[in-house]
Amino acid sequence: MKLATYRDGTAGVVVDDDYVVRLADLDGVPGDVTGVLAAGPDVARDVSRKAAKAGSRTALVQLDLGAPIPRPSKYLAIGFNFTSHLAEIQEAAKQPQKAEAMARFSHLKQAFPDQTLPTFFNKQVNCITGPYDPILAPYDSSMLDFEGELVVVIGRRVRRADPATAMAGVAGYMVGNDVSVRDWQQNTPTMWPGKSFDTHGPLGPWIVTADELSPADLKIRTWVDGELRQDGSTAEMVTGIAEMISALSKVCTLEPGDLVATGTPGGVGLFSGRLLQPGQRVRIEIDGIGAIENLVEAETHPDA
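What this report covers is the structure whose coordinates are included nearby. Source: prediction; values computed, not measured.

A short note on the pairing of strand β11 (residues 170–177)
- A large share of β11 lies buried, amounting to eight of its eight residues.
- Of the pairings in the sheet, the one linking strand β10 (residues 148–154) to β11 comprises seven bridges and is antiparallel in character. From the neighbouring strand, V153 faces β11, where its bridge partner is G172.
- With four bridges joining them, β11 and strand β13 (residues 201–209) adopt antiparallel strand pairing. Looking at the pairing, Y173 lines up with V208 of β13.

So, the side chain of D258
- Mapped onto the secondary structure, D258 falls in the loop between α8 (241–251) and β16 (259–261).
- Each residue touching D258, except ones within four places of it in the same chain, is listed here: P72, S73, K74, V152, V153, I154 and T253.

Considerations on the environment of L150
- Mapped onto the elements, L150 comes out in strand β10.
- With 113 residues separating them in the primary sequence, L150 and G263 have C-alpha atoms 7.3 Å apart.

Regarding the packing of aromatic side chains
- Within the structure shown, the criterion is met by one aromatic pair.
- Here the aromatic rings of W184 and F197 are separated by 5.5 Å at their centres, their planes lie at 80°, and the arrangement is edge-to-face. With W184 in helix α6 (residues 182–186) and F197 in the loop between α7 (192–195) and β13, the pair connects residues that are 13 residues apart, well separated along the chain.

A closer look at the pattern of salt bridges
- Applying the stated criterion to the full structure yields 22 salt bridges.
- Here R57 and D16 are joined by a salt bridge, their closest N and O atoms 2.6 Å apart. Residue R57 is found in the loop between α2 (41–53) and β4 (58–59), and its partner D16 is found in the loop between β2 (11–15) and β3 (19–22); the two are separated by 41 residues along the sequence.
- The partner of D46 in a salt bridge is K50, and the shortest N-O contact between them spans 3.2 Å.

Quick word on the pairing of strand β17 (residues 281–286)
- Residues of β17 alternate between two faces, with V282, I284 and I286 buried on one and R281, R283 and E285 left unburied on the opposite face.
- As paired elements, strand β14 (residues 219–224) and β17 share five bridges and run antiparallel to each other. Note on β17: the bridge partner recorded for I220 is I286.
- If you look at the hairpin formed by β17 and strand β18 (residues 290–298), you'll find three residues sitting between the two strands, and G288 has a positive phi there, around 80°.

Thoughts on helix α3 (residues 83–93)
- Burial in α3 covers these residues: H85, L86, E88, I89 and A92. Mapping the buried residues of α3 onto a view down its axis gives an arc of 165°, with all of them on the same face.

Quick look at the environment of C127
- Residue position: C127 is located in the loop between β6 (119–122) and β7 (128–129).
- Residue classification places C127 among the buried residues on the basis of a relative accessible area of 0%.
- Spatially, the C-alpha atom of C127 lies 36 Å from that of G55, the residues being 72 residues apart in sequence.
- Look past the residues within four positions of C127 in its chain and what remains in contact with it is Y75, K195, S196, F197, D198, T199, H200 and G201.

Focus: unusual backbone geometry
- The peptide bond linking G204 to P205 adopts the cis configuration, its omega dihedral lying at -10°.
- Note that P205 resides in strand β13.
- Backbone geometry at R160 places phi at a positive 50°, although glycine is not the residue there.
- Looking at the secondary structure, you find R160 in the loop between β10 and α5 (163–166).
- Overall, R160 belongs to the exposed group, its relative accessible area being 54%.
- Of note in the backbone geometry, D225 takes a positive phi value of approximately 50° without being a glycine.
- Its location among the elements puts D225 in the loop between β14 and β15 (227–233).

Each value, and the rule that gives it
Residues numbered from 1 in each chain as written. Predicted model: local features only at pLDDT ≥ 70, side-chain atom pairs only at ≥ 80, totals over all residues. Heavy atoms only, no water. Buried < 20%, exposed > 50% of the residue type's maximum accessible area, 1.4 Å probe, protein only. Helix = DSSP H or I, 4+ residues; strand = E, 2+ residues; numbered from the N terminus. Pairing = 2+ DSSP bridges. Contact = heavy atoms within 4.5 Å. Phe/Tyr/Trp six-rings, centres within 6.5 Å; stacked < 30°, edge-to-face > 60°. Salt bridge = Lys/Arg side-chain N within 4 Å of Asp/Glu carboxyl O. Arc of directions from axis to C-beta.

As structure tokens, this is what we get:
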């Protein structure tokens, strides 16, 4: 099942790929996406059955989709989690012309195999935006970058789960762009400032429930102005989703609707020297889920 949220907060089920049935038009079901996920798989199956039979449908092209979960309690993420991304970081560190920038990249030391824990960070939830909304390029930074990622959606309360049971907490998956302001990321001791600018968390276009998708080997591709920049697979993950959830749930209770971004493949702009510029369009697609596409726009200076 695919669960979507409109710009006005109305939620619905995507049916036959081209239409949406509003949750409000279905009898006896939760009214929003988080409510459906939190109610468990039996309720989700009931919602899916009722939506498939519903007569009242709206064409997807007529709707303005927002982020499927606009304001989760937490948006967590992991760094350095794809082998191709690790390889490009390590290669860049060997290049003299990039040595100074890489020396400032204080988190680099955690990207090597002798690290004892995964590199987790959070994106502040104010960054979340819709699947087709613009990404603002900060007027005081020229180091805007993209990271195509599979985003896990938590469906039930998870606390101190072991890896063998952690996946029971996963309700579904969506596409995300971990937009990054690299100078802020490089020059602060924690990652979150460079990861949390407003509009720097496009998500969607909908949530595909876990019963319909295996995350083991999904292609993740990113295009900028039609040029393929990232072409990887979730099979590259160093730390698997179950291990991520288990580790995070030892630190904090994961709640229904919480999000976990699972890392990005190689090909980001920082290491190719092709950072994002206003006017460019970024498209991220994950097999079995769909695609998000966002235009980069220059942020207006408050004094302009």
